[in-house]
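Spelled out, the chains give:
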Amino acid sequence: MAQDRKTTKTQELVYEMKVDQAMTRDVVTVGPETPMSRLREVFREQRISGAPVVDDDRLVGIISLEDFIEWLYAREENSVVGAKMTTDVDILFGDEPLVHAVSRFAESGFGRFAVVDRASGRLVGVITKGDVVAGLLRKLEVDYHEEEVHRYQAGRLLEDILAVGTTLCFEYQVEGQNFDRGGESASRLKRTLKGLGLDPGTVRRVAIAAYEAEMNVIVFTDGGRIDVRIDRDRITVDVADSGPGIPDIEKALQPGFSTAPQWVRDLGFGAGMGLDNIRNCSDDLEIESTPGEGTRVTITFLTGGASEAG
Amino acid sequence: MKLAEVVDELDLKVRTAGGALEREVRGGYASDLMSDVIAHAEPGYLWVTLQIHQNVVAVASLKELAGIVLVNGREPEEATVERAESENIPIMVSPLPAFDVIGQLYGLGMAGGTD
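Quick caveat: nothing in here was measured; it's all calculated off a predicted structure. (Residues numbered from 1 in each chain as written. Chains lettered and ligands numbered in written order. Predicted model: local features only at pLDDT ≥ 70, side-chain atom pairs only at ≥ 80, totals over all residues.)

Visitor: Explain the sheet that holds strand β7 (residues 223-230) of chain A to me, and be specific about the residues and the numbers.
Guide: Residue and element names in this part refer to chain A. Here 5 strands make up an open sheet; going across it, the order is β6-β7-β8-β10-β9 and the pairing antiparallel. Whereas interior strands pair on both sides, the edge strands pair on one side only; in this sheet they are β6 (168-175) and β9 (284-290). Averaged over all pairs of adjacent strands, the angle between their axes in this sheet comes to 10°, without regard to strand direction. Both β7 and strand β8 (residues 234-241) contribute to a ladder of 7 bridges, which runs antiparallel. In the sheet register, Arg229 faces β8, and the bridge partner there is Thr236. Sheet contacts for helix α8 (residues 184-195): β6 and β7; angle to β6, the most-contacted strand, approximately 160°. The sheet strands contacting helix α9 (residues 200-220) are β6, β7, β8 and β10 (294-302), and the helix crosses β8 at an angle near 5°. (Pairing = 2+ DSSP bridges. Helix = DSSP H or I, 4+ residues; strand = E, 2+ residues; numbered from the N terminus. Axes fitted to C-alpha atoms, helices over the stretch in contact; angles between N-to-C directions. Contact = placed C-beta atoms within 7 Å.)

Right, here's the structure in full:
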């Protein structure tokens, strides 16, 4: 799937980028008055097999290695480039989308096109297939870098907000007895924390604790509320319900102790491990409960270089 | 090992999220208790269970598991399939009991909880 996305991105870029963004600007040119005998040096020194012919900055033709060989074969000593060049030149304009260059390469089989400024008719560069590939890679790299910077800044934004003493709060309602929506609040919270750019380990710990607390609310109560508070150095998850309360908190904290009915256990819940899991992945767990009135569980995670439990 | 290879080797029937079969399986865990899985499974693990209700998807997603293998030919509930599709959690079915499925996985060199 990642591959599909990349292809789409490249296709998008081929339409978005212009020919003059990928072309080579530093072009070796010759004039129409250049003697053919000089081409040997030009081609050899520059390691090229052809050059645009420019007169007063305007493109007037193109001279290739093939033209040079023809000239050698004909043994016409004193010719100039202007007399031997191809004047019917295929060109691209600098403001054309790169996709035009791609299709022209495919159609014509040529290795390079001269690029001309549409308004002035001046030669501004040359484009080869290699330039297209290199141009796309360069653009992909720039985009990727921008995305990285953006991500980094998003992370910093949260830091900056919290540094000035601001607190972020999120609230989730949990419907009691509704197993179909089990874990929904925890998943939403997990997505939110991830989106804020919090470190993945912390996100996982908070999500696990929120999930266990949410399931407790669903299994044992008629509903409740999860309040999440993000401060500079900690995340606090506060879960409150309005009954039935826990008669013996010490006992409830013992791994394996459960008061869940059989049908809940058949679903794989109520194994008596929930509170234990919360305790293991958090830095602090406080439970206040009054039978008949309700329970309030406060879970704290230290984030300023906090321990990596669970 | 890729999930797709595990599916091939064990001849599992894929019920959802075929697109995520390229995922790497890092190990496995077997349990029918949600909190047990939450406590002990690691991200990238394959989960072997007989639970077929949609909460398995929530747990798998929470723990970022590679996928769920249902044993004894138990088919996922409709709501489970829907939720798995939206959370992109692959669910596979094996006709064999858990003991045999886990044995096969172990035979492929897969282990769990030892790292």
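Visitor: Pulling in residues and values, what's your account of unusual backbone geometry?
Guide: Residues and elements named next belong to chain B. Even without glycine at this site, Asp11 takes up a positive phi of about 55°. Positionally, Asp11 belongs in the loop between α1 (3-10) and β1 (13-16). Despite not being glycine, Asn88 shows a phi value in the positive range, around 60°. Look at Asn88 and you get partly exposed, because 14 C-beta atoms sit within 10 Å. (Buried ≥ 20, exposed ≤ 12 C-beta atoms within 10 Å, placed from the backbone.)

Visitor: Account for helix α12 (residues 274-281) of chain A, naming residues and giving values.
Guide: The buried count for α12 of chain A comes to 6 of 8 residues, which makes it a mostly enclosed element. Restricting attention to buried positions, one finds in α12 of chain A the residues Gly274, Leu275, Asp276, Asn277, Ile278 and Cys281 of chain A. Buried residues in α12 of chain A make contact with α9, α10 (249-253), β9 and β10 of chain A together with α2 (34-40) of chain B.

Visitor: Residue-level account of the packing of helix α3 (residues 55-62) of chain B against helix α4 (residues 78-87) of chain B, with values.
Guide: Residues and elements named next belong to chain B. Orientation of α3 relative to α4, taken along the N-to-C sense of each, is 20°, at an axis distance of 8 Å. Overall, the two elements α3 and α4 adopt an arrangement that is roughly parallel. Helix-helix and strand crossings are classified by hand; for α3 and α4 the assignment is right-handed. Where α3 abuts α4, its residues Val56, Val57 and Ser61 lie against Thr80, Arg83, Ala84 and Glu87. Split by residue class, the contact of α3 with α4 holds 3 nonpolar, 2 polar and 2 charged. (Parallel < 35°, antiparallel > 145°, perpendicular 65-115°, else oblique. Left-handed = near helix turned anticlockwise from the far one by under 90°. Nonpolar A, V, L, I, M, F, W, Y, C, P; charged D, E, K, R; others polar.)

Visitor: I'd like a description of the packing of α8 of chain A against α9 of chain A, backed by residues and values.
Guide: Residues and elements named next belong to chain A. Where α8 meets α9, the axes come as close as 8 Å, and the angle between the chain directions of the two elements is 160°. In terms of orientation, α8 lies roughly antiparallel with respect to α9. Relative to α9, α8 is oriented so that their crossing is right-handed. Touching Ser185, Ala186, Leu189, Lys190, Leu193 and Lys194 of α8 are Val203, Val206, Ala207, Ala210, Tyr211 and Glu214, all from α9. By residue class, the composition of the contact of α8 with α9 is 8 nonpolar, 1 polar and 3 charged.

Visitor: Could you give an account of the sheet that holds strand β4 (residues 112-116) of chain A, naming the residues involved and the relevant values?
Guide: Residues and elements named next belong to chain A. Read from one edge of the open sheet, 3 strands run β3-β4-β5, paired in mixed fashion. Each edge of the open sheet is held by one strand with a lone partner, namely β3 (91-93) and β5 (123-128). Going across the sheet, the axis of each strand differs from the next one's by a mean of 35°, ignoring polarity. As paired elements, β3 and β4 share 3 bridges and run parallel to each other. Bridging from a neighbouring strand, Ile91 pairs with Ala114 of β4. Against the sheet, helix α6 (residues 98-108) touches β3, β4 and β5, its axis set at about 170° to β3.

Visitor: Give a description of helix α5 (residues 98-107) of chain B that names residues and reports values.
Guide: Residues and elements named next belong to chain B. All buried positions along α5 are accounted for by Val101, Ile102 and Leu105. The buried residues of α5 occupy an angular sector of 95° when projected down its axis, which confines them to one face. In α5, the exposed positions angled more than 90 degrees off the buried face are occupied by Phe99, Gly103, Tyr106 and Gly107. Looking at the buried positions of α5, the neighbouring elements they touch are α1, β2 (27-30), β3 (45-49) and β4 (67-70). Looking at the residues trailing α5, positive phi occurs at Gly109, about 95°. (Arc of directions from axis to C-beta.)

Visitor: Tell me what's going on with the confidence of the model for chain B, and back it up with residues and numbers.
Guide: When pLDDT is low, close inspection of the predicted coordinates is not appropriate. For chain B, per-residue confidence averages 92 on the pLDDT scale, and residues scoring 70 or more make up 97% of the total. Predicted as a complex, the structure gets a pTM of 0.63 and an ipTM equal to 0.83. (pLDDT = per-residue confidence, 0-100.)

Visitor: Can you explain the confidence of the model for chain A? Please cite residues and give values.
Guide: All names here are of chain A. When pLDDT is averaged along chain A, the result is 87; 95% of the residues meet or exceed 70. In this model, residues 1-6 is a region of pLDDT below 50 whose contacts with residues beyond four sequence positions or in other chains number 1 contact. Confidence drops under pLDDT 50 across residues 305-310; counting only partners more than four residues distant or on other chains, this segment forms 11 contacts.

Visitor: Describe the interface of chain A and chain B, naming the residues involved and giving the relevant values.
Guide: Each partner contributes residues to the interface: chain A has 18 residues there, and chain B has 16 residues. When residues of the side of chain A that touches chain B are traced back to their parent elements, those giving at least two are α8, α9 and α12 of chain A. A per-element tally of the side of chain A that touches chain B places α9 of chain A first, with 4 residues. Of the residues belonging to the side of chain A that touches chain B, the class tally is 10 nonpolar, 6 polar and 2 charged.

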